[in-house]
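# Examination of the molecular architecture
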Amino acid sequence: MRTTMERKAKIEIQSPLQNEDRASRNRYPMKYCYILLFMGLSVILFMLYNMDFSDYRSCILDGKPCILKESKIKHATVTQMTNMVPTNMTPTPTTISPIRPTEPTSVCSFHSAAPENAAEVNFLKESIAWPETPSVPSNFSLNDTSDPAHSTFTILPRNGGGSWHVGDQLEVLIKISDFHGRPKKTGGDLLYARLHNRTLFAGVAGKIFDHRNGSYTAVFSLSWEGSAQVEVSLVHPSEAITVLTKVTQEYPDRAYFLSVFRLGSISETVKCNVCLKAPIEKLCNYTDIHTGEPWFCYKPNELNCDNRITHSKGGFRFSAKSRESQLFQRGINMKVSIPASGPASINVLPKLKGGTNEAVKTSPAGYYYQGAWQAINGTTVRQFNNATARIQCLKGKMVHLYGDSTVRQWFEFLISATPDLKMFDLKSPGKAGPYMALNFQNNILLTYRCHGTPILYTPMLASETRHIATELRTVAGGPNTVIVISVWAHFTSFPIEVYIRRLLNIRRAVVQLLTRAPGTLVIIRTANPKGSVLSEIWTSSDWYALQLYKVLMEIFKGVNVKLVNAWEMGLAHYLPHSLHPQPPIIKNMVDVVLSDICPPA
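Residues numbered from 1 in each chain as written. Predicted model: local features only at pLDDT ≥ 70, side-chain atom pairs only at ≥ 80, totals over all residues. Heavy atoms only, no water.

### Some words on the nonpolar core
In this structure, Phe328, Leu472, Ile485, Tyr499, Val510 and Phe556 are the most contacted members of the largest nonpolar core, which totals 81 residues. By residue number, the principal contributor to this core is helix H9 (residues 496–516), which donates 11 residues. Ranked by size, the runner-up nonpolar core spans 44 residues in total, among them Tyr368, Val399, Leu421 and Leu594. (Core = buried A, V, L, I, M, F, W, Y, C linked by side-chain atoms within 4.5 Å. Buried < 20%, exposed > 50% of the residue type's maximum accessible area, 1.4 Å probe, protein only. Helix = DSSP H or I, 4+ residues; strand = E, 2+ residues; numbered from the N terminus.)

Right under this line is the structure:
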């Protein structure tokens, strides 16, 4: 009986344990299911996070989405693009990783400005606001537009009467008429005025005042004795300015760029720009991390954004209407001289002892005399007429040139005119640079580096498209360091906000450099007037360049920098205008720079 009771007690004790063990085993499958489900979801999320959607067979053509249905088509496109890759761009690939966007790129815009700069941007745009110009309907008549042949200029009498003297100001009244000979009632024409004496190789640019009623006044400073000939020309009629303004508003991306992406045997070429019309997932974002300067490329079909190798100019996408092209005709209404209605020259006598009490209406940057530039109220320009003088001035200096080809000209001039400056071969492609020249004996370093995108150069490594503001962060500076900057020629086809943003970033970097190294010399080169080629008018008209010149002058006002006023140096010279001024003008510009580096004792 005792045994029976013990067995029963044992069973009663084991039963709860067995039941608990059975219940525990029943729960194990459920727990494992949860664990497996969690792990599965984690793997899926991880795959989605790291998936490269560029593997899908989608593409962007001219800003519109498309689907390549057959791999044969896409590979044909890739092969065709591969043929566009220059064979001399095959060194060890250097790639640029894009900035990963943290917000939707619908903010991409040609007109955007940082919030802290908004007020200044608006002020700058107001400061260069052009007088209202007439509308140009689709059926306009050329006969109703400004005609230089029917327009005239008249030299006004000296204020107070009498003879002209050095130091006086000459005023010229300009009246614009249309092809019927009817006086224009509105302003907005782009005019150039120059006073010159070819015998003395003298010249000075005039300042134009628009009275907004079809009449203008050109004012000149009289800076030399002897004959002074007035020259006035119509660069663009006001109706042409209307068209140029509309072109930039409607086609801000008419200049486009290309980048080659490469990985192994796969190569793709895509379009790039300051802003592209596509959703963010279809773009590679290369916005500069230091300056916020935007740059985008369409995402390649097969490769990813880290495989970008080269940058180059693509071309221009714009076709002018034939009727509008009538407003841009050389010899008819584009850079054509306006005749005088009376005498076109005056005789200037020596400066009066007591000077003049006349109110100063214009103060030019300088003038040419005997072919040499004479600065007014600024640097005393010395003549560095031989290599020895240049080497002596540059002794112990590090001179860094940043910008476009108009400052690369200065590098090339110094190398060609100063044999003791020896080029160091950096294996740089074409004209893009970077370049370096040395003179060990006199401890001279001369460098050139192009500015960052947008830049219309032949193929170059994308890693070399560095922004000037970013580069200046690495410059130690000091009394033996000279920084020369020229940025303008590649911005003429873009809305003015793009250029303003670039200059504000450069100004900020310059101020920071001068704060940490006050002895550093910074020299800024302005835009200059260019030749008139119809195929280039829509992207690089003088009117576009003039806006950039005015903005630059305003932005660097009050900053401790030296300016080389290439605009007035181009206008005042007798040689024809050119994007790349001819050697006599370049020599004068370099003399101004060297005079800033080595001012007279």
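Having seen the structure, we can now continue with the description.
### Quick word on H9
Between the first and last C-alpha of H9 there are 31 Å, a value that for 21 residues agrees with the 30 Å anticipated at 1.5 Å per step. Burial analysis of H9 places 15 of its 21 residues in the buried class, which makes it a mostly covered element. (Expected span 1.5 Å × (residues − 1).)

### Concerning the packing of aromatic side chains
For the structure shown, the criterion picks out 15 aromatic pairs. Between the aromatic rings of phenylalanine 328 and tryptophan 538, the centroid separation amounts to 4.7 Å while the plane-to-plane angle is 65°, which identifies the pairing as edge-to-face. Here phenylalanine 328 is found in the loop between helix H5 (322–325) and strand S16 (336–337), whereas its partner tryptophan 538 is found in helix H10 (residues 534–540), with 210 residues between them in sequence. Its relative accessible area of 8% is what places tryptophan 538 among the buried residues. Centroid distance phenylalanine 411 to tyrosine 435: 5.7 Å. Interplanar angle 35°. Geometry classified as tilted. In this pair, phenylalanine 411 sits in helix H7 (residues 405–417) while tyrosine 435 sits in strand S22 (residues 435–439), placing the two residues 24 residues apart along the sequence. When its relative accessible area of 2% is taken as the criterion, phenylalanine 411 is described as buried. Using a relative accessible area of 13% as the deciding quantity, one classes tyrosine 435 as buried. Three or more aromatic residues link up through ring pairs in this structure, and these residues are Phe110, Phe257, Trp295 and Phe494. Note that lysine 271 overlies the ring of tyrosine 256, its terminal NZ or CZ placed 5.2 Å from the centroid. Lying over the aromatic face of tyrosine 286, arginine 308 brings its terminal NZ or CZ to 4.6 Å of the ring centre. (Phe/Tyr/Trp six-rings, centres within 6.5 Å; stacked < 30°, edge-to-face > 60°. Lys NZ or Arg CZ within 6 Å of the ring centre and 35° of its normal.)

### Considerations on the pattern of salt bridges
Taken as a whole and assessed by the stated rule, the structure comprises 21 salt bridges. One salt bridge in this structure joins glutamate 120 and arginine 507, with 2.8 Å as the shortest N-O distance. Residue glutamate 120 is found in helix H3 (residues 118–127), and its partner arginine 507 is found in helix H9; the two are separated by 387 residues along the sequence. A residue is classified by how much of its surface remains accessible, and glutamate 120, at 25% relative accessible area, is partly exposed. Here arginine 466 makes a salt bridge to glutamate 464, at a shortest N to O gap of 3.9 Å. (Salt bridge = Lys/Arg side-chain N within 4 Å of Asp/Glu carboxyl O.)

### Some thoughts on empty space enclosed by the protein
With a probe scaled to a water molecule rolled over the atoms, the places where space remains empty come into view. Overall, the coordinates contain six cavities of 30 Å³ or more when judged by the stated rule. Computed from the structure, the largest cavity encloses a volume of approximately 80 Å³. Lining the largest cavity, in full, are Leu394, Val399, Leu401, Trp410, Leu414, Leu446, Val484, Val590, Val593, Leu594 and Ile597. For the lining of the largest cavity, the secondary-structure elements that each account for two or more residues are strand S20 (398–403), H7 and helix H13 (583–597). A per-element tally of the lining of the largest cavity places H13 first, with four residues. Looking at the lining of the largest cavity residue by residue, the classes come out as 11 nonpolar, no polar and no charged. (1 Å grid on protein atoms, 1.4 Å probe; cavity = no way out; pocket = protein on both sides within 12 Å on 5 of 7 lines; lining within 4 Å. Points joined across faces, edges and corners; volume = space filled by probe spheres on them. Nonpolar A, V, L, I, M, F, W, Y, C, P; charged D, E, K, R; others polar.)

### As for the layout of surface pockets
For the largest pocket, the calculated volume is near 1100 Å³. Around the largest pocket sit 33 residues that line it, and Lys207, Ile208, Leu546, Tyr549 and Lys550 are the ones nearest its centre. Counting only elements with at least two residues in the lining of the largest pocket, the list comes to strand S6 (190–197), strand S8 (207–210), helix H11 (542–555) and helix H12 (566–572). Looking at the lining of the largest pocket element by element, the count peaks at five residues for H11. Here the residues of the lining of the largest pocket are counted per class, giving 20 nonpolar, five polar and eight charged.

### Description of the sheet that holds strand S5 (residues 169–178)
Pairing is antiparallel in the open sheet, where four strands are placed in the order S3-S5-S9-S8. Each edge of the sheet is formed by a strand with only one pairing partner; in this case those strands are strand S3 (146–155) and S8. Pairwise comparison of adjacent strand axes, ignoring direction, gives a mean angle of 25° for this sheet. In terms of strand pairing, S8 meets strand S9 (residues 215–221) through four bridges, oriented antiparallel. Paired with aspartate 210 across the strands is tyrosine 216, a residue of S9. (Pairing = 2+ DSSP bridges. Axes fitted to C-alpha atoms, helices over the stretch in contact; angles between N-to-C directions.)

### Overview of the confidence of the model for the protein
Residue-level pLDDT values for the protein average 85, and 81% of them are 70 or greater. Every residue in residues 45–107 is under pLDDT 50, and counting partners more than four places away or in other chains gives 93 contacts. (pLDDT = per-residue confidence, 0-100. Contact = heavy atoms within 4.5 Å.)

### As for unusual backbone geometry
Both trends apply: most residues other than glycine have a negative phi, and most peptide bonds are in trans. The omega torsion of the bond from glycine 433 to proline 434 falls at 5°, within 30 degrees of zero and hence cis. Each neighbour pair has its own omega, and for threonine 453 with proline 454 the value is 5°, a cis peptide bond. With respect to the helices and strands, the residue proline 454 is situated in the loop between strand S23 (444–450) and strand S24 (460–461). One non-glycine residue, lysine 335, adopts positive backbone phi at about 55°. For lysine 335, the location among the structural elements is in the loop between H5 and S16. Relative accessible area serves as the criterion here: at 24%, lysine 335 is assigned to the partly exposed category. At asparagine 443, a residue that is not glycine, the phi angle is positive and equals roughly 55°.

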